[in-house]
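# Fold and contact review
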Protein chains: 2
Amino acid sequence: MSKSQFKCLVDQQKKSGSIGIVGLGLIGGSLGLELQSLGWKIHGLVHRSTTLERAKERGLANLVSTNPEILRDCEVVFIALPLDKILHPTDQLINSLPPNAVVTDVGSVKSPIVQTWQKLHPRFIGSHPMAGTTEAGVNAGRLGLFHQRPWVATPNSKTDIAAIEIIRDISTSIGSKWITTNAKQHDEAVALISHLPVFISAALLKTLGNVENQTIKDLAKVLASSGFADTSRVGGGNPSLGRAMVENNSTEILKALSAYRRSLEKVEETILSKSWDQVEKDLEDTKILRASFIKRKEIT
Amino acid sequence: MSKSQFKCLVDQQKKSGSIGIVGLGLIGGSLGLELQSLGWKIHGLVHRSTTLERAKERGLANLVSTNPEILRDCEVVFIALPLDKILHPTDQLINSLPPNAVVTDVGSVKSPIVQTWQKLHPRFIGSHPMAGTTEAGVNAGRLGLFHQRPWVATPNSKTDIAAIEIIRDISTSIGSKWITTNAKQHDEAVALISHLPVFISAALLKTLGNVENQTIKDLAKVLASSGFADTSRVGGGNPSLGRAMVENNSTEILKALSAYRRSLEKVEETILSKSWDQVEKDLEDTKILRASFIKRKEIT
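Report follows, based on the coordinates. (Residues numbered from 1 in each chain as written. Chains lettered and ligands numbered in written order. Predicted model: local features only at pLDDT ≥ 70, side-chain atom pairs only at ≥ 80, totals over all residues. Heavy atoms only, no water.)

Looking now at the overall build of chain A. When its secondary structure is counted, chain A shows twelve helices and nine strands. Counting only C-alpha atoms and orienting by the principal axes, one finds that chain A spans roughly 70 × 40 × 35 Å. In chain A, buried positions account for 59% of the 300 residues. Surface summary for chain A: the accessible area is close to 12,500 Å², and the carbon and sulfur share equals 49%. Taking the average place of the 36 positive charges on the side chains of chain A and the average place of its 30 negative ones, the gap between the two points comes to 3 Å. (Helix = DSSP H or I, 4+ residues; strand = E, 2+ residues; numbered from the N terminus. Buried < 20%, exposed > 50% of the residue type's maximum accessible area, 1.4 Å probe, protein only. Areas by Shrake-Rupley, 256 points an atom, 1.4 Å probe, with all protein chains shown as cover. Lys, Arg positive; Asp, Glu negative; His and termini not counted. Charge placed at Lys NZ, Arg CZ, Asp CG, Glu CD.)

Looking now at the interface of chain B and chain A. Contact residues are listed per partner, giving 92 residues for chain B and 92 residues for chain A. Buried area between chain B and chain A, both sides added, is near 8,600 Å², and the carbon and sulfur share of it is 71%. As a salt-bridge pair, Lys206(A) and Asp285(B) come within 3.6 Å of each other at their nearest N and O atoms. On inspection of chain B and its partner chain A, the count reaches 22 residue pairs in polar contact (both at pLDDT 80 or more). For the side of chain B that touches chain A, the secondary structure elements donating two or more residues are strand E8 (150-153), helix H8 (183-209), helix H9 (214-223), helix H10 (226-232), helix H11 (239-248), helix H12 (250-272) and helix H13 (276-294) of chain B. At 20 residues, the largest contribution of residues to the side of chain B that touches chain A is made by H8(B). Grouping the amino acids of the side of chain B that touches chain A by side-chain chemistry returns 47 nonpolar, 24 polar and 21 charged. (Contact = heavy atoms within 4.5 Å. Buried area = accessible area lost by both parts, 1.4 Å probe. Salt bridge = Lys/Arg side-chain N within 4 Å of Asp/Glu carboxyl O. Polar contact = N/O pair within 3.5 Å; in protein donor to acceptor, adjacent residues only side chain to side chain. Nonpolar A, V, L, I, M, F, W, Y, C, P; charged D, E, K, R; others polar.)

Before going further, it helps to examine the relation of the copies chain B and chain A. When chain B is fitted to chain A, the best match, at an RMSD of 0.1 Å, comes from turning it 180° and sliding it 0.0 Å along the axis. In short, the pair behaves as if placed about a two-fold rotation axis. Within chain B, the C-alpha atom positioned nearest to the axis of rotation is that of Thr231(B), 2.2 Å from it. (Least-squares fit on C-alpha atoms with pLDDT ≥ 70 in both.)

Residues and elements named next belong to chain A. Spatially, three strands are ordered E7-E8-E9 in an open sheet, and the strand pairing comes out mixed. Edge strands, defined here as strands with exactly one partner in the open sheet, are strand E7 (127-129) and strand E9 (177-180). The average angle at which neighbouring strand axes cross in this sheet is 20°, direction not considered. (Pairing = 2+ DSSP bridges. Axes fitted to C-alpha atoms, helices over the stretch in contact; angles between N-to-C directions.)

A word on the sheet that holds E8(B). Residue and element names in this part refer to chain B. Strands sit in the order E7-E8-E9 across an open sheet of three strands; the sheet is mixed. Here the strands that pair on one side only, and so sit at the sheet edges, are strand E7 (127-129) and strand E9 (177-180). Here the average twist between neighbouring strands, direction ignored, is 20°. Bridge analysis of E8 against E9 gives four bridges, and the strand direction is parallel. Opposite Ala153, over in E9, you have Thr180 as the bridge partner.

Glancing now at the packing of aromatic side chains. Each aromatic ring pair is summarised here by two numbers: the centre-to-centre distance and the angle between the ring planes. Here the structure, examined in full by the defined rule, presents eight aromatic pairs over all chains. With a centroid separation of 5.6 Å and an interplanar angle of 50°, the aromatic rings of Phe228(A) and Phe293(B) are classed as tilted. Of the two residues, Phe228(A) sits in helix H10 (residues 226-232) while Phe293(B) sits in helix H13, which places them in two different chains. Site record: aromatic cluster; members linked through ring pairs are Phe78(A), Phe146(A) and Trp151(A). The lysine or arginine in question, Lys221(A), covers the ring of Phe293(B), its NZ or CZ lying 5.3 Å from the ring centre. (Phe/Tyr/Trp six-rings, centres within 6.5 Å; stacked < 30°, edge-to-face > 60°. Lys NZ or Arg CZ within 6 Å of the ring centre and 35° of its normal.)

Quick look at helix H3 (residues 49-58) of chain B now. Residue and element names in this part refer to chain B. Taken together, the buried positions of H3 are occupied by Thr51, Leu52 and Ala55. Buried residues in H3, looked at end-on, bunch into an arc of 105°, giving them a common side. Facing away from the buried side of H3 by more than 90 degrees, the exposed set consists of Ser49, Thr50 and Glu57. For H3, the elements touching its buried residues are strand E3 (63-65). Backbone geometry just after H3 places Gly59 at a positive phi near 65°. (Arc of directions from axis to C-beta.)

Put into structure tokens, the structure is as follows:
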């Protein structure tokens, strides 16, 4: 399908166009709800029959099946599986993808996905939405998840240009802000902004877990307030997602951890030298820095 | 005033009893609103005339003044100032405190406060609520702030027993959960659960601030999501409060930072050795740990 043919579908005949979604969890289910509301016919592929029943009850797709054949007539397919499953697709899934369909994924580490999938499908484009909640699974999908959130694509010289534009049009139609970058830069940036927080937050929890004096530990539990809850949130998140991040982006995560360790050593040095004015100045800097990173976003 | 006399006041004649609050910011203002709703007459002492006007408009106290004489007839006085001001009270403030009043504070580091104030007033008891928001100042106080939150007191052998019970009765009457411990244990626990998060969160912000590659930095800004927002929240908080914490609890904070650094090194080692199963297991542990620290609280 050419870009102009697709545009025609988008603008005039959405009801006849089908989009396949593999996996109807938080991202896949939310996509299903959004795209149906815009008139697309959604074909959902799920793994388990219990998920199939619940996905039907929730109306996450027009058709739901555990048989990959359901993807046969789709013009676009979103692989909305967990990172490790995106990287290790079944032969049955690969064989069921129409060769002329545009295929994209939703995985948060792009270099290994692009490397794997460009060999598997001629119209693959690596992309993913930066949208998440602590929920997961077939009950998690909801309308509005992508609103005003970035949708990042990582095309390269081999990527089909029409495929890029199709995914851009779909993502912006559901409220996302379209961004393109290369896979390596993407993975370096997410290591810093998304993966690093998971591990420094987990290390905080581990530190509290390692406290040997039971009185202090019990007291700390009683005194834990919103500051601890916020700082420990992502370190107490999904273990298999954390594993998949680090397994597939370990080089960048180690670089980020190493830079972080140097920042932390500076903090310790400043306190050790009793440079209280400097402590205050550093916290003034970080206050301004934070505002520059979460400016104009709904995530304050 | 004896304990039984005070009880009588609490139970039957609240309208004739006066409580002084020094400082009408988040904690002082919230206390003023809560205690007035229970029938107490509140005398608020503020530093600036602009604060006085706003405190009156908001009804944070029955009487508000910039003159410490307003504390003259109070049976109980809460020193609801920032930590550094609690530790360095003016002579005028000290002289205006009635010798038979019960005096307590709201500072989050207890050892230096108890050491200072037990010399200044015969009926001082160190205490503070574990309740906070990111807001501060005369507009921040609100009803409900203390509901179900701990109120920690750190009496010692020199503390007037009747004074302890009076502060306990007041704090529980506004919905707080009363806890007593010794000042040193308190300061060790808050270093871990409250002060450490500030500095590890600040180090995260600093790490992002130090990124030299502008493309990566800009991309990280665009991609910053709720995980980064949560983990960086307390590191982008109040710089003077952070300084006061560390200036007055540096020994415990350095111990906490050192324990944290060891936890972080373990994380790095696990990733460096590509022990992905271990990464996942560690994250399963931290997920369980987090639940045990924020169990049954309104701070998930």
